[in-house]
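# What the coordinates show
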Amino acid sequence: MEKRQLTCINCPLGCQLEVVIDKGEIVSIENYGCQRGIEYAKKEIANPKRTVTSILPVIGGELPMVSVKTRTDIPKDKISECMHCLKDLKVGAPVKIGDVIVKNIGNTGVDIIATKKVDKKND
Amino acid sequence: MDNRDIVIIGGGPAGLAAAISAYHAGVSDILILERENSLGGILNQCIHNGFGLHKFKEELTGPEYAERYVDQVHELNIEYKLETMVIDITEDKHVIAMNEIEGVIDIKAKTIILAMGCRERPRGALNIPGNRPSGIFTAGTAQKYVNIDGYLPGREVVILGSGDIGLIMARRLTLEGAKVKMVCEILPYSGGLKRNIVQCLDDYDIPLRLSHTITKIHGKERIEAVTVAKVDEFLKPIKETEEYVTCDTLLLSVGLIPENELTRKAGITINPKTQGPIVDSNLETSIPGVYACGNVLHVHDLVDYVSDEASIAGQKAAMFVKNSLISDDKFAVIAGKGVRYTVPSWIIDDSSIAMSIIRFRVDGVYKDHFVTIKLDNEKAYHKQKRILTPGEMEQVMILRKWIDAKPELKTIEILLEED
Ligand SMILES: Cc1cc2nc3c(=O)[nH]c(=O)nc-3n(C[C@H](O)[C@H](O)[C@H](O)COP(=O)(O)OP(=O)(O)OC[C@H]3O[C@@H](n4cnc5c(N)ncnc54)[C@H](O)[C@@H]3O)c2cc1C
Ligand code: SF4
């Protein structure tokens with residue numbers, strides 16, 4: 001048996017949910033203010049996911065950096081692997097919003113895409 | 001001298017949305033003046049997602065949200081000047097600006113829309129004893145370094161203040177390889193969104209020390225450490241709880257203030273509570289034909305509301321140019337018990353407007369209180385909210401039919417009640 005405390009993020013009340021887990025299964029959820037807290041706890045325990053955003057250097061761009069994100073959210077425990085894959089990566093200008101920068105990052109099935117337009121530097 | 005129908009100061013989300021709506025309301029002689037080298041305002045450095053849920057029903061990053069508006073400005077051929085700093089506005093609506101190519105520019109505007117955004121409370125406002133070594137930044141400055149310039153300001157970080165920008169930066173710096181040791185918040189609660197506390201701090205095991213502050217900064221050239229202490233109920237540090245925490249960087253996330261030097265110089269009346277201009281429901285300031293929207297008016301949590309508000313300002317400015325605004329009569333809106341301020345401060349007596357939005361912030365944390373609207377002491381609205389906190393902007397609607405039912409109406413009051 002493991003006891004975990006989660007903060008529900010669905011409204012400003014921020015209920016401190018008390019979740020008891022046994023062999024990966026939820027045994028009980030307490031201290032929730034409404035049904036949404038239960039749903040939140042279930043998802044956070046079974047498969048917590050996050051969108052990761054970062055920046056990458058641009059070669060030959062009018063701006064030094066381009067912002068990027070995972071197209072959809074990825075499992076939370078893949079975040080550091082995802083950041084590791086982005087380390088030392090550079091992007092060539094021009095870049096448009098939505099351009100795929102890395103396919104299937106860290107085997108999550110999710111692509112890294114650009115979230116900003118960076119044109120070529122005119123010189 | 002140049003003559004313009006509408007001059008917009010600031011090319012952030014507020015300025016862009018105002019320009020687009022003014023154009024759609026039938027005025028095309030519009031000029032946006034922006035001091036930075038690109039449009040989009042502060043959104044350019046907010047690379048995290050969570051923008052646009054209300055407006056676009058999807059979660060965008062800051063630059064993606066900005067681009068939707070920048071694209072429209074280009075499509076409509078709305079004129080703008082970058083790297084152009086407005087240095088003065090006058091009561092008779094001259095806008096004085098400066099850039100490298102043209103030097104000083106003097107534009108006579110029929111209307112002006114103020115959309116200069118806000119700035120962060122600087123470290124000077126803090127009064128922490130000790131030296132002033134390098135390595136101390138506002139969270140927004142650090143955000144710009146990391147996200148625009150691609151440069152990490154330090155490796156061992158303490159953050160003072162739990163505002164959203166500080167929380168977002170705690171995660172950002174952690175992902176970039178820095179060690180964020182703690183976030184100290186002097187109040188017993190955080191002003192940041194729950195979502196940011198969970199996803200920016202809890203996810204990375206960064207401690208949030210509520211009721212804690214920094215009492216001393218150590219280091220001569222570069223910051224080396226801070227002294228952290230718990231505070232009592234009067235926010236006074238408790239000596240026995242002092243703790244020495246090493247760090248090479250201190251970020252301050254202690255609040256935002258609307259950017260209103262220009263507004264003050266022009267003699268526009270400022271609301272001391274918001275530090276932004278006092279406006280009516282058309283978002284017109286105390287100078288006729290000068291409008292304000294976005295963070296220059298009051299600090300917003302969500303850019304979605306900034307865009308909505310700015311659309312109203314743009315539309316009303318266009319109506320001012322075309323002389324089609326109906327009425328100048330107005331009713332005062334009063335911030336009653338528990339309500340720190342309201343925007344607007346006046347509602348225009350215009351029977352063609354079915355409802356007017358009032359945005360407000362409360363002055364403390366209130367559980368299970370009622371938000372009440374009184375028209376000359378008579379309750380028109382009374383609704384219970386499970387929680388109200390100073391960190392979340394609230395809004396209510398004033399319906400025209402309430403006003404029509406009270407021919408002698410003078411004031412509208414928004415207040416909190418226990419039952
Ligand atoms: C550092 C910082 C970080 C933020 N992070 C977030 C966040 O993560 N999420 C969120 O929802 N909100 C965030 N906000 C709030 C966010 O700013 C608003 O939601 C929104 O961007 C406000 O839009 P705006 O157009 O009113 O202001 P801004 O985006 O600030 O735009 C104002 C523009 O006016 C220009 N300007 C100012 N003065 C002059 C002048 N004299 N002459 C010419 N141009 C001028 C500025 O350069 C700027 O481009 C942040 C605010 C700050 C200050
Ligand atoms: S459980 Fe319900 S009441 Fe509690 S924080 Fe979540 S959404 Fe709000």
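Residues numbered from 1 in each chain as written. Chains lettered and ligands numbered in written order. Predicted model: local features only at pLDDT ≥ 70, side-chain atom pairs only at ≥ 80, totals over all residues. Heavy atoms only, no water.

### Let's talk about the environment of B:T227
Residue and element names in this part refer to chain B. Summarising the element assignment, T227 is placed in strand 15 (residues 225-230). Each C-alpha atom, one on T227 and one on Q315, is 51 Å from the other, the two residues being 88 residues apart in sequence. Other than its neighbours up to four places away in sequence, T227 contacts T213, I214, T215, K216, H218, E242 and E243. Polar contacts involving the side chain of T227 include one to the side chain of H218, which spans 2.6 Å. (Helix = DSSP H or I, 4+ residues; strand = E, 2+ residues; numbered from the N terminus. Contact = heavy atoms within 4.5 Å. Polar contact = N/O pair within 3.5 Å; in protein donor to acceptor, adjacent residues only side chain to side chain.)

### Points about the interface of chain A and chain B
On the chain B side, the residues contacting the 26 residues of chain A number 28 residues. Interface area lost by chain A to chain B is led by A:I9, A:P12 and A:L13, which between them contribute 24%. Residue A:R50 is joined to B:D203 by a salt bridge in which the shortest nitrogen-to-oxygen separation is 2.5 Å. Among the residues making up the side of chain A that touches chain B, the classes are represented as 13 nonpolar, eight polar and five charged. (Buried area = accessible area lost by both parts, 1.4 Å probe. Salt bridge = Lys/Arg side-chain N within 4 Å of Asp/Glu carboxyl O. Nonpolar A, V, L, I, M, F, W, Y, C, P; charged D, E, K, R; others polar.)

### A look at the domain arrangement of chain A
Frequently, the measure chosen for interface size is the accessible area removed from exposure when the parts meet. Looking at the assigned domains, one finds that chain A contains domain 1 (2-46) and domain 2 (53-114). Distance between the C-alpha centres of domain 1 of chain A and domain 2 of chain A: 32 Å. (Domains from an automatic or database assignment.)

### Topic: the domain arrangement of chain B
Residue and element names in this part refer to chain B. Domain boundaries assigned for chain B yield domain 1 (2-119 + 257-325), domain 2 (122-254) and domain 3 (345-417). Here the C-alpha centre of domain 2 lies 32 Å away from the C-alpha centre of domain 1. Across the boundary between the two partners, domain 1 contributes nine residues, which contact nine residues of domain 2. Its largest share of buried area at the contact with domain 2, domain 1 owes to Q45, I47 and H48, together 62% of the area lost on that side. Counting across the interface, domain 1 meets domain 2 through one salt bridge. With a closest N to O distance of 3.1 Å, R195 and E59 form a salt bridge. Here the residues of the side of domain 1 that touches domain 2 sort into two nonpolar, five polar and two charged.

### Looking at the packing of aromatic side chains
Residue and element names in this part refer to chain B. Within this structure, the stated rule accounts for six aromatic pairs over all chains. Where Y145 meets Y151, the ring centres are 5.3 Å apart and the plane angle is 85°; that geometry is what we call edge-to-face. The structure contains a cluster of three or more aromatic residues connected by ring pairs, namely F56, Y65 and Y69. R68 extends its terminal NZ or CZ atom over the ring of F56, reaching a point 4.8 Å from the ring centre. (Phe/Tyr/Trp six-rings, centres within 6.5 Å; stacked < 30°, edge-to-face > 60°. Lys NZ or Arg CZ within 6 Å of the ring centre and 35° of its normal.)

### Structural notes on helix 6 (residues 194-201) of chain B
Two residues of an α-helix separated by three or four positions point the same way, owing to the 3.6 residues in each turn. Of all eight residues making up helix 6 of chain B, six are buried, and the element is well covered by its neighbours. Looking at the packing, one finds that the buried side of helix 6 of chain B touches strand 1 (2-7), helix 1 (35-46) and strand 4 (49-50) of chain A together with helix 5 (164-175), strand 12 (179-185) and strand 13 (208-210) of chain B. (Buried < 20%, exposed > 50% of the residue type's maximum accessible area, 1.4 Å probe, protein only.)

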